[in-house]
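Observations on the three-dimensional arrangement
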Amino acid sequence: MAENFQAITTRREEAQGFIERMVSRGLGWARKYSLFQYPFVTACCGMEYMSMAGARYDIARFGAEFPRFSPRQADLLMVVGTVNLKQAPILKRVYEQMAEPKWVIAFGVCASSGGFYDNYAVLQGIDKIIPVDVYIPGCPPRPEQVLDGLILLQEKIQAQSHKLIDRHPPEPELVRPAGRDLVSGVNK
Amino acid sequence: MSEFALQRIAERFPDAVVQGYSLHGDETLVIERAHLLEVARFCKDDPELDLKLPLSVTCVDFIDEKPRFELVYTLYSITKKHHLRLKVRVPEEDPVVASVISVWRGMDYWERYCWDMYGVRFEGRGPVKRLWMYEEFEGHPLRKDYPLRGRQPLIPEADVQDIYRGPGPGPGSPPASRPNPPRPSQLPVIK
Ligand code: SF4
């Protein structure tokens, strides 16, 4: 009797797992084809963003049709261009205002790593302050590269597990730079 | 034409002019710090010079020379179509010059720039705000003794180690020593 009960509950869990997987795949399918982007455009990469969003390369073919200029309506943050230290708090705030689920693309080497601006004013990659899903190299990247990055992100979204009711993911570990020695660049 | 402006200012302000030279059609005048404002006003108001368009003020940091900074005022006359460059040497201990925004209102932007990037202060105007860096920033980043990668972040960052990236003095190295090339100010003096 007990064994039967065990078997039944196992099958119920399996059945629930099956439904969850189906829901997850359906949600993933829906989400990857309806990415509303928030273009955080700060520098010359913006030109390439425009050509990619325009009619010739046409990002609308991938369902990422509408740039939304409110972070609350967007679920893909595209950081396009150089982010300097004066702007970093703004970027962080924009990211925090976006509703879950949300993804981030670092568009161009400046957003990915600071690029050749290895100087006193530029943030060395946005992954120092917000988590990033896809990095697109290039200075600026070709539109094909961006579309490739977008397809990579779509594959990633499809492979993620989606739930109807989701929890907030843990925040990345950040440190206060208060005691940073300017000359050697290390924390005291 | 090429030394006209130099002659005119040297005649009018014999005490103010340290040096003047003309190179490739560009006239340059090195003047005393104390006389900057009256020379500037004369440049603008004189009908023969008519230098009404201030193009820029920038600063040069000669870190191993004795008045350390040199402010360079570039002026242009729209009606007469000639340039004039005024240079003023400013010592490091007392980096103060008279503000020229009472003469050219548009110099406000450049004076803020010189304060932000080089720490040169301007007298006779309201408080100077930083132009590009944030108010929390300490130091003046285009001075040659400011550390190359001296970043001062405003918000917490993930602690990714700085890796060495290409040539150039790395973190912690002193300012590079440079040979002394002959400077245009060693050209003949017309005073
Ligand atoms: S990666 Fe290149 S093109 Fe893009 S913002 Fe940086 S410098 Fe400009």
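Residues numbered from 1 in each chain as written. Chains lettered and ligands numbered in written order. Predicted model: local features only at pLDDT ≥ 70, side-chain atom pairs only at ≥ 80, totals over all residues. Heavy atoms only, no water.

What follows is about the overall build of chain A. A tally of helices and strands in chain A yields five helices and four strands. By the burial criterion, 40% of the 188 residues in chain A qualify as buried. A separation of at least 24 residues holds for 76% of the contacts in chain A among residues at least 6 apart in sequence. (Helix = DSSP H or I, 4+ residues; strand = E, 2+ residues; numbered from the N terminus. Buried < 20%, exposed > 50% of the residue type's maximum accessible area, 1.4 Å probe, protein only. Contact = heavy atoms within 4.5 Å.)

Moving on: the overall build of chain B. A tally of regular secondary structure across chain B gives three helices and seven strands. Restricting the contact set of chain B to residue pairs at least 6 apart, pairs at least 24 apart contribute 51%. By element, 55% of the accessible surface of chain B is carried by carbon and sulfur atoms, the whole surface being about 10100 Å². (Areas by Shrake-Rupley, 256 points an atom, 1.4 Å probe, with all protein chains shown as cover.)

Okay, the environment of A88(A) next. As for its placement among the helices and strands, A88(A) is situated in helix α3 (residues 88-97). In sequence terms A88(A) and K156(A) are 68 residues apart; their C-alpha atoms lie 26 Å from each other. Excluding its chain neighbours within four sequence positions, the residues that come into contact with A88(A) are V83(A), L123(A), I129(A) and I155(B).

Another point: the packing of aromatic side chains. Applying the stated rule across the entire model yields 13 aromatic pairs over all chains. Between Y113(B) and W132(B), the aromatic rings sit 5.2 Å apart at their centres with planes inclined by 65°, giving edge-to-face as the arrangement. Residue Y113(B) is located in helix α3 (residues 108-118), and its partner W132(B) is located in the segment after β7 (121-123); the two are separated by 19 residues in the primary sequence. An aromatic cluster of three or more residues is present, and its members are Y109(B), W110(B), Y113(B), Y118(B) and W132(B). Cation over ring: R68(A) sits above F66(A), and NZ or CZ is 5.8 Å from the ring centre. (Phe/Tyr/Trp six-rings, centres within 6.5 Å; stacked < 30°, edge-to-face > 60°. Lys NZ or Arg CZ within 6 Å of the ring centre and 35° of its normal.)

As a further point, take the environment of L164(A). Residue and element names in this part refer to chain A. Its location among the elements puts L164 in the segment after α5 (143-159). Looking at L164, the relative accessible area reads 69%, which means it is exposed. Taking the C-alpha atoms as reference points, L164 and K86, 78 residues apart in sequence, are found 38 Å from one another. Dropping the residues within four chain positions of it, L164 is found in contact with V23 and L27.

What follows covers the pattern of salt bridges. Residue and element names in this part refer to chain B. Here the structure, examined in full by the defined rule, presents 20 salt bridges over all chains. Among the ionic pairs, R85 bridges to D26, the shortest N-O distance being 3.4 Å. Placement of R85 in strand β5 (residues 83-90) and of D26 in strand β2 (residues 26-31) is noted, with a sequence separation of 59 residues between them. Between R130 and D116 there is a salt bridge, with the nearest N and O atoms lying 2.6 Å from each other. (Salt bridge = Lys/Arg side-chain N within 4 Å of Asp/Glu carboxyl O.)

Let us now look at the pairing of β2(B). Within a regular beta strand, the side chains point alternately toward one face of the sheet and then the other, so they alternate between its two faces. All names here are of chain B. Extensive coverage of β2 is indicated by the burial of five of its six residues. In the sheet, strand β1 (residues 17-23) pairs with β2 via six bridges, with the strands oriented antiparallel. For V17, the partnering residue across the bridge sits in β2 and is I31. (Pairing = 2+ DSSP bridges.)

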